[in-house]
Amino acid sequence: NANAAPPPFGSAVLEIAQEGRAKELYRIHKDDFEPPLQKIALPAWFNSRSNCEALAQLLSQYGLGHLQQAVLFARMSARDFMSISFKEDALKLTNRDSGMAHRLLCIVYTLFENEIAMQQAASSRFGASENSEATSSSSQTQSGKRKAVQRPDLAKKWGYPPNSRVLDMKTGKEGTVMYVEKARLLVDFPPVKRYLKKNALNCLRTIP
């Protein structure tokens, strides 16, 4: 029944799922969060390609059963679930319970880690060729040095020109934009803090 009211959290889950389908996934890293995320043991039947029924079942096993109906309502697949890369989204889905939000993000993090391990196992050769394209040939010859490429042009493209001043809305601190490296925007507060693009857009405001 299309007119039935959505279940609890249904609208929030639907919004996140629809946003997730419209964009590429940002891999979350354990150190993006406080406390750091931990990898958890997921059942063998669940992975990044699982459907909404499997996701609903998994969440109920991990103490997040209040989202079961919402996940089914929004037809949220594991891939949609992996688009949750911001703590605020996780809090929104857990009645702002930071312990539950942390557990939810640990599931997302584990899905990414398992997916990457699976891809690496499936084709280590592909990974090698991809790396050689991503780093310029000159940095490859100096393999002793760090291969990270500094991209001030990407920082500008994201809307944060290098050397511009920004305010972190979460901490209230002001910092100076440096550049993008390894898909993260570096801002010197000091110390230097790294932001995923989505987190930067959510957190950072440029100071005119």
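Residues numbered from 1 in each chain as written. Predicted model: local features only at pLDDT ≥ 70, side-chain atom pairs only at ≥ 80, totals over all residues. Heavy atoms only, no water.

Remarks on the pattern of salt bridges
- A complete count under the given rule lists 12 salt bridges for this structure.
- The shortest N-O distance in the salt bridge between Asp153 and Arg151 comes to 2.9 Å.
- Classification of Asp153 as partly exposed rests on a relative accessible area of 45%.
- Through salt bridges with shared partners, a single network forms among Asp89, Lys92 and Lys198. (Salt bridge = Lys/Arg side-chain N within 4 Å of Asp/Glu carboxyl O. Buried < 20%, exposed > 50% of the residue type's maximum accessible area, 1.4 Å probe, protein only.)

Description of helix α2 (residues 52-61)
- Residues of α2 that are buried: Cys52, Ala54, Leu55, Ala56, Leu58 and Leu59.
- Packed against the buried residues of α2 are α3 (68-74), α4 (78-81) and α6 (98-122).
- At the N-terminal end of α2, a side-chain oxygen is found 3.3 Å from the backbone nitrogen of Glu53, two or three residues along, and the residue is Asn51. (Helix = DSSP H or I, 4+ residues; strand = E, 2+ residues; numbered from the N terminus. Contact = heavy atoms within 4.5 Å. Polar contact = N/O pair within 3.5 Å; in protein donor to acceptor, adjacent residues only side chain to side chain.)

Some words on the pairing of strand β5 (residues 192-196)
- Where strand β4 (residues 184-188) meets β5, five bridges bridge the pair, whose relative direction is antiparallel. Considered in β5, the bridge of Arg184 is made with Leu196.
- Where β4 folds back onto β5 in an antiparallel hairpin, the turn is made up of three residues. (Pairing = 2+ DSSP bridges.)

A few points about the side chain of Ser77
- Looking at the secondary structure, you find Ser77 in the loop between α3 and α4.
- Taking relative accessible area as the criterion, Ser77 reaches 19% and is therefore assigned buried.
- The contact partners of Ser77, leaving out residues within four places of it in the chain, are Ser50, Asn51, Cys52 and Leu55.

As for the pairing of strand β3 (residues 174-181)
- Here two bridges tie strand β1 (residues 150-151) to β3, and the two strands are oriented antiparallel to one another. Within β3, the position partnered with Arg151 by the bridge is Val180.
- Sheet topology note: the strand β2 (residues 165-168)/β3 ladder contains three bridges and is antiparallel. Among the inter-strand pairings, Arg165 is bridged to a residue of β3, identified as Thr176.
- Hairpin connection between β2 and β3: a loop of five residues separates the two successive antiparallel strands, and Gly172 in this loop has a positive phi of roughly 75 degrees.
- By the bridge criterion, four bridges tie β3 to β4 in an arrangement that is antiparallel. In the sheet register, Val177 faces β4, and the bridge partner there is Val187.

A few points about the nonpolar core
- Residues Phe81 and Ile84 are the most contacted members of the largest nonpolar core, which totals 41 residues.
- For this core, the secondary structure elements donating two or more residues are α1 (10-21), α2, α3, α4, α5 (87-92) and α6.
- It is α6 that contributes the most residues to this core, 10 residues altogether.
- Every residue in contact with Ile84, bar those within four places of it in the chain, is listed here: Ile16, Ile28, Met76, Asp89, Ala90, Leu93, Leu104, Leu105 and Val108.
- In this structure, Trp158, Tyr160, Val187 and Cys203 belong to the second largest nonpolar core, which totals 14 residues. (Core = buried A, V, L, I, M, F, W, Y, C linked by side-chain atoms within 4.5 Å.)

Some words on the confidence of the model for the chain
- Mean pLDDT over the chain stands at 86; residues scoring 70 or higher make up 87%.
- Within the chain, the lowest mean pLDDT, 40, falls on helix α8 (residues 137-141), and the highest, 97, falls on α2.
- Throughout residues 129-146 the model reports pLDDT below 50, and contacts reaching past four residues in sequence, or to other chains, amount to eight contacts. (pLDDT = per-residue confidence, 0-100.)

Observations regarding the environment of Leu67
- Turning to its location among the elements, Leu67 is positioned in the loop between α2 and α3.
- A relative accessible area of 1% means that Leu67 is categorised as buried.
- The spacing of Leu67 and Gln57 is 10 residues in sequence and 9.9 Å in space, taken between C-alpha atoms.
- Among all residues touching Leu67, those that are not within four sequence positions of it are Phe9, Val13, Leu59, Leu93 and Leu104.

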